[in-house]
Each structure stands twice: as structure tokens, then as C-alpha cells.
Amino acid sequence: MIPLVWREALDELSRRKLRTGLTLLGLIFGIGAIVAMQAVGEGSRREALHLVEGLGMNNLIAQAKQQDEQTLKEARARSLGLSVADANAARAVVPGATDWAAEKDVRVYSIFSDVAASDAGASGVSPDYFALSSLKVEQGRGFIAADDADVAPVAVLGHQAARGLFPAGNAIGQPIKINHVWLTVIGVLADRDLGGDRFEGVQLGLETNRVFMPLSTARARFRFQPLEAEIDRVVLRLADPETMADGAQVLAALLDQRHAGVEDYTLLVPQQLFQQHQKTQNIFRVVMGAIAGVSLLVGGIGIMNIMLANVLERRREIGLLRALGARRSDIVAQFLRESTVICAAGALLGLLFGALLAYLIAAFAGWQVAWAPLPILTSTVLCAAVGLAFGVYPARQAAALDPIAALRVD
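Residues numbered from 1 in each chain as written. Predicted model: local features only at pLDDT ≥ 70, side-chain atom pairs only at ≥ 80, totals over all residues. Heavy atoms only, no water.

Regarding the overall build of the protein
Item 1. From N to C terminus, the protein includes 14 helices and 13 strands.
Item 2. Of all intrachain contacts in the protein linking residues separated by at least 6 positions in sequence, the fraction that spans at least 24 positions is 81%.
Item 3. Accessible surface for the protein amounts to roughly 20400 Å². Of this, 59% is attributable to carbon and sulfur atoms. (Helix = DSSP H or I, 4+ residues; strand = E, 2+ residues; numbered from the N terminus. Contact = heavy atoms within 4.5 Å. Areas by Shrake-Rupley, 256 points an atom, 1.4 Å probe, with all protein chains shown as cover.)

Structure representation (C-alpha cells):
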């Protein structure tokens with residue numbers, strides 16, 4: 001049951017439906033903008049964190065720079081490019097470095113199994129590559145040191161590559177042929193579902209449609225151009241994420257020294273990519289927050305306007321209540337209840353509008369939506385605060401009316 005005093009407030013506002021509805025619009029748009037902004041922003045943050053975890057938040061990544069033939073010739077006169085020796089030196093010199101992994105891309109002309117062909121790529125990787133790249137083996141096993149030492153003709157398939165080469169799903173132990181080389185499948189990776197997205201200019205999710213083999217196997221059994229670097233990518237794991245910035249500086253200085261100042265590599269710091277993304281999102285939040293704040297301000301002014309109009313229209317009622325013994329505090333409470341009802345309705349409708357707006361934005365822009373309780377609570381409290389703040393002045397004006405003068409109003 002709704003208490004009588006609150007039913008009276010509802011009845012008073014329902015008598016002026018158009019005026020009340022127009023007043024609600026400012027609150028609905030303001031709360032809706034805040035809710036939608038927070039939902040989209042939280043979804044973007046979680047998606048960005050998921051994508052960066054694919055690179056490894058504790059990793060530093062050095063990868064060979066793509067260069068034209070003439071530039072590469074000039075570079076190779078002073079630098080041999082990224083190498084396993086660089087990786088070993090980095091682990092020894094960079095503070096907090098614990099492990100490293102290397103990858104070498106293989107040019108694929110054809111790749112097929114006994115039952116199907118595939119457009120997958122191929123790479124040779126060191127044994128720790130899967131662990132440092134947050135890749136989990138779903139079936140079979142990953143590589144061990146013995147595979148690399150024995151130049152073993154074995155392969156681990158990405159999730160999409162496995163489905164393409166073996167639609168029936170029985171990949172383990174089966175042979176596949178890459179170019180002229182036969183390999184035996186020993187493992188299949190779990191699907192990480194990064195979707196091949198680009199994050200801050202970095203391509204992600206390519207490993208799902210890729211065939212991996214031991215690094216030594218790739219180097220020994222496949223042909224490479226004479227000027228190519230020994231490896232295309234080095235992943236260096238640091239124990240403490242707080243030292244990533246300093247570690248990146250040390251790694252850059254080390255590679256610069258070992259490569260004689262030749263910029264034949266690029267250095268990626270996933271943690272900094274995430275921070276850069278968050279700065280962009282913060283700008284978005286500030287802009288949307290300002291827009292939502294203006295909407296709430298307009299809604300608050302609307303509340304003040306409708307309540308002042310109500311005071312003028314109900315002067316005789318107020319005078320009669322005062323003459324019958326109502327205190328000023330009772331009049332203030334009555335009008336504040338009406339302001340609160342408007343705010344509660346605005347907050348509820350604003351939450352629903354914000355949820356609908358967030359999902360519409362996500363549907364059209366392809367973004368994710370995620371919900372956190374704090375933003376919803378904050379928007380509701382903010383709406384209530386706006387209503388009370390802008391309802392106090394009209395309520396005090398009503399309570400300050402002289403009962404005798406109010407009763408004389410025609």
C-alpha cells in the first residue's frame with residue numbers, strides 16, 4: 001500500500017500530466033545518458049582488457065619491422081635483425097625479466113590435410129610461446145624443449161585452423177602438409193575469441209587461424225629470404241607489471257645497442273596500449289558526462305518551474321491548510337514529496353531509457369555493453385539530489401505564504 005501522503009503527491013502531479021511529462025524529459029535524458037555512457041564505457045574497458053590480455057599485460061613485445069628490399073639491404077649492413085641472442089640478452093639485462101618466447105613467420109603456399117585444405121598461416125615458435133601469449137591447449141599437448149631440440153616435425157593448430165583442416169574434429173595424430181613439409185598434429189588450441197580485432201593499431205586474434213611448429217623446425221625445414229631476421233617476434237615476460245615502463249626503456253636501449261642504432265624493429269608495450277585506450281575512454285566519459293549534466297540541469301529547472309507554477313495555482317489550498325493548523329514544515333514536506341515523486345519516476349524511466357540506448361548503440365556500433373552497480377546507484381542518487389535541490393525553493397516559497405492573503409486569492 002502507498003501511504004496517503006504519497007498518494008496525494010501522485011494525484012496532484014497526475015492532474016497536470018502534460019506539464020509533469022515535459023518536466024520528466026530532462027531527467028529521463030540526463031539519467032539515460034549517464035547509464036548508457038557507463039554501460040558502453042564499462043563494456044569497452046572490459047573488451048580492451050580482454051584484448052590486451054591476449055598480448056599479455058606483463059609482456060614486452062619486440063617485432064621485426066616490415067621494410068622494402070633496398071631499406072632492408074641498408075639495414076642488414078649494420079644489423080642482422082631480431083635473433084634468439086637478442087632474447088637471451090634481454091632476459092639477462094632487463095630488470096624483472098623471467099621468460100622469453102620467439103616466433104618466426106613461415107610463408108605458406110599451400111596447407112592441407114587428408115580431408116581438406118586451409119588458408120591458415122604458419123609460424124615457428126619456441127616452447128614457452130603459448131604460455132607467454134596466454135594461449136591454452138584444448139586438445140593434445142603443446143611444445144616441449146625436446147621438440148625444439150630434435151627439430152621435430154610436429155604441429156599445434158589454432159582453433160579455426162583445426163576446424164578448417166579437420167571438420168570432423170579428429171585432428172590429434174593426423175598428418176598435415178605445409179608447402180613441401182609434412183607435420184603431425186599433436187595439439188589444438190582453445191578458441192580465445194578475439195575475432196581478429198585491431199586494438200590501438202595492433203592486429204589481434206590471428207593465432208586462431210594459424211599452424212604452429214617448433215622454431216627449430218621452421219628454421220630448418222622451410223626456406224627464407226637471405227636478408228630475413230632469424231626471428232620475427234620476441235615476447236619478454238616481466239614479473240612485476242609496475243616495472244613495465246622502465247623495462248621497455250631498458251629493452252629499447254639494449255636492442256638499439258645490439259642493432260647498431262638501426263630501427264629494424266618496433267616495440268609494443270600492451271600495458272601502455274591499454275592505458276592509452278583508457279585515456280581516450282576518459283575523454284569520451286567527460287564529454288558524455290557534461291551532456292548528461294546539462295540534461296539534468298534542464299530537468300532540475302523544469303522541476304523548479306512546475307513546482308513554482310503549482311504554488312501559484314494552489315495558493316488558496318495552501319492558505320486553507322495553514323488556517324486549519326498545518327505548519328510550514330508540513331507545507332515544505334508536501335511539495336518536496338511531489339518533487340521526489342517526479343525524481344523517482346524520472347530515475348526509473350531514465351534507467352530503462354539508458355539501458356535501451358546502450359543496447360541500441362552496441363547493436364549499431366558493434367560495441368559491448370557491461371553493467372556495474374555503482375553507476376546505476378550513482379545516477380539514481382544524483383537524480384534524487386537534483387529533484388530535492390530544485391524542489392526546496394518552491395517548497396519554501398509555498399510555506400512562506402501568508403495564510404490570510406492566500407485565502408483572499410480568487
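Some details on the packing of aromatic side chains
Item 1. Summed over all chains, the structure comprises six aromatic pairs.
Item 2. Judged by centre distance (5.6 Å) and plane angle (25°), the rings of Phe 130 and Phe 143 are stacked. A residue pair is termed long-range when its members are at least 10 positions apart, and Phe 130 in helix 5 (residues 129-132) and Phe 143 in the loop between strand 5 (137-140) and helix 6 (145-149) qualify at 13 residues. The pair formed by Phe 130 and Phe 143 is uniform in burial state, with each residue classed as buried.
Item 3. When the centroid spacing of 5.4 Å and the interplanar angle of 90° are considered together, the rings of Phe 130 and Phe 212 count as edge-to-face. Taken together, the residues span a long stretch of sequence, with Phe 130 in helix 5 and Phe 212 in strand 11 (residues 210-214) at a distance of 82 residues. For the pair shown, Phe 130 and Phe 212 are each scored as buried.
Item 4. Counting every residue linked through ring pairs, the aromatic cluster contains Tyr 129, Phe 130, Phe 143 and Phe 212.
Item 5. The ring of Phe 224 has Arg 219 sitting right over it, with the charged end atom 5.2 Å from the ring centre. (Phe/Tyr/Trp six-rings, centres within 6.5 Å; stacked < 30°, edge-to-face > 60°. Buried < 20%, exposed > 50% of the residue type's maximum accessible area, 1.4 Å probe, protein only. Lys NZ or Arg CZ within 6 Å of the ring centre and 35° of its normal.)

Examining the side chain of Glu 103
Item 1. Secondary-structure assignment places Glu 103 in strand 2 (residues 97-106).
Item 2. Classification of Glu 103 as buried rests on a relative accessible area of 4%.
Item 3. Looking at Glu 103, its side chain comes within polar contact range of the side chain of Arg 233, at 2.6 Å.
Item 4. When residues no more than four places from it in sequence are discounted, the contact partners of Glu 103 are Ser 123, Gly 124, Val 125, Tyr 129, Arg 210, Phe 212, Ile 231, Asp 232 and Arg 233. (Polar contact = N/O pair within 3.5 Å; in protein donor to acceptor, adjacent residues only side chain to side chain.)

What about a nonpolar patch on the surface?
Item 1. Residues Leu 18, Leu 22, Leu 25 and Phe 29 make up a contiguous nonpolar surface patch of about 420 Å² in total accessible area.
Item 2. Within the secondary structure, Phe 29 is located in helix 2 (residues 17-55). (Patch = residues over 30% accessible without salt bridge, like charges linked within 9 Å, V, L, I, M, F, W, Y side chains within 5 Å. Salt bridge = Lys/Arg side-chain N within 4 Å of Asp/Glu carboxyl O.)

Side note on the environment of Thr 378
Item 1. The residue Thr 378 is located in helix 13 (residues 373-399) in this model.
Item 2. The class of Thr 378 is partly exposed, set by a relative accessible area of 42%.
Item 3. Along the sequence, Thr 378 and Val 35 sit 343 residues apart, while their C-alpha atoms lie 9.4 Å from each other.

What to know about the confidence of the model for the protein
Item 1. Per-residue confidence for the protein gives a mean pLDDT of 81; residues scoring 70 or more make up 88%.
Item 2. Predicted confidence in the protein is weakest over strand 10 (residues 202-203), with a mean pLDDT of 51, and strongest over strand 6 (residues 154-157), with 95. (pLDDT = per-residue confidence, 0-100.)

Description of the environment of Ala 358
Item 1. With respect to the helices and strands, Ala 358 occurs in helix 12 (residues 328-365).
Item 2. In this structure Ala 358 comes out as buried when scored by relative accessible area, which is 0%.
Item 3. Each C-alpha atom of the pair Ala 358 and Ala 33 lies 8.8 Å from the other, and the pair is 325 residues apart in sequence.
Item 4. Setting aside anything within four residues of it in sequence, one finds Ala 358 in contact with Ala 36, Ala 39, Val 40, Val 369 and Trp 371.

A short note on the environment of Val 52
Item 1. Along the chain, Val 52 falls in helix 2.
Item 2. Placed 218 residues apart in sequence, Val 52 and Pro 270 show a C-alpha to C-alpha distance of 5.9 Å.

Some points on the pairing of strand 4 (residues 121-125)
Item 1. In terms of burial, strand 4 is a largely internal element, five of the five residues being buried.
Item 2. Covered by surrounding structure in strand 4 are Gly 121, Ser 123 and Val 125 together with Ala 122 and Gly 124, the residues of both alternating faces.
Item 3. Pairing between strand 2 and strand 4: four bridges, direction antiparallel. Within strand 4, the residue paired with Val 106 across the bridge is Ala 122.
Item 4. Taken together, the five bridges between strand 4 and strand 11 define a ladder with parallel strand orientation. Counted as the bridge partner of Ala 122 is Val 211 from strand 11. (Pairing = 2+ DSSP bridges.)

What about helix 4 (residues 84-93)?
Item 1. Taken together, the buried positions of helix 4 are Val 84, Asp 86, Ala 87, Ala 89 and Ala 90.
Item 2. Check the buried side of helix 4 and you find it contacts strand 2, helix 8 (215-221), strand 12 (233-238) and helix 9 (244-258).

Some thoughts on the side chain of Asn 209
Item 1. Topologically, Asn 209 is positioned in the loop between strand 10 and strand 11.
Item 2. Reaching out from Asn 209, the side chain makes a polar contact with the side chain of Asp 119 at a distance of 3.2 Å.
Item 3. With sequence-adjacent residues up to four places away left out, Asn 209 is seen in contact with Ser 118, Asp 119, Ala 120, Gly 121, Gln 160 and Ala 161.

Concerning the packing of helix 4 against helix 9
Item 1. Between helix 4 and helix 9, whose axes approach to 10 Å, the crossing angle comes to 140°. Considering the angle they form, helix 4 stands oblique to helix 9. The handedness of the crossing between helix 4 and helix 9 comes out as right-handed. Facing Ala 85, Asp 86, Ala 89, Ala 90 and Val 93 of helix 4, the residues of helix 9 in contact are Val 250, Leu 251, Leu 254, Leu 255 and Arg 258.
Item 2. Taken together, the residues of the contact of helix 4 with helix 9 break down into eight nonpolar, no polar and two charged. (Axes fitted to C-alpha atoms, helices over the stretch in contact; angles between N-to-C directions. Parallel < 35°, antiparallel > 145°, perpendicular 65-115°, else oblique. Left-handed = near helix turned anticlockwise from the far one by under 90°. Nonpolar A, V, L, I, M, F, W, Y, C, P; charged D, E, K, R; others polar.)

A short note on the pattern of salt bridges
Pairs can form between side chains of opposite charge once their charged atoms are near each other.
Item 1. Within this structure, the stated rule accounts for 11 salt bridges.
Item 2. A salt bridge links Arg 258 to Asp 86; its shortest N-O distance comes to 2.5 Å. Linking Arg 258 in helix 9 with Asp 86 in helix 4, this pair joins segments that are 172 residues apart in sequence.
Item 3. For Arg 258, a relative accessible area of 40% translates into the label partly exposed.
Item 4. Across the pair Asp 105 and Arg 233 runs a salt bridge, and its minimum N-O distance is 3.6 Å. Linking Asp 105 in strand 2 with Arg 233 in strand 12, this pair joins segments that are 128 residues apart in sequence.
Item 5. Within this structure, Glu 103, Asp 105, Arg 210 and Arg 233 form a network of salt bridges that share partners.

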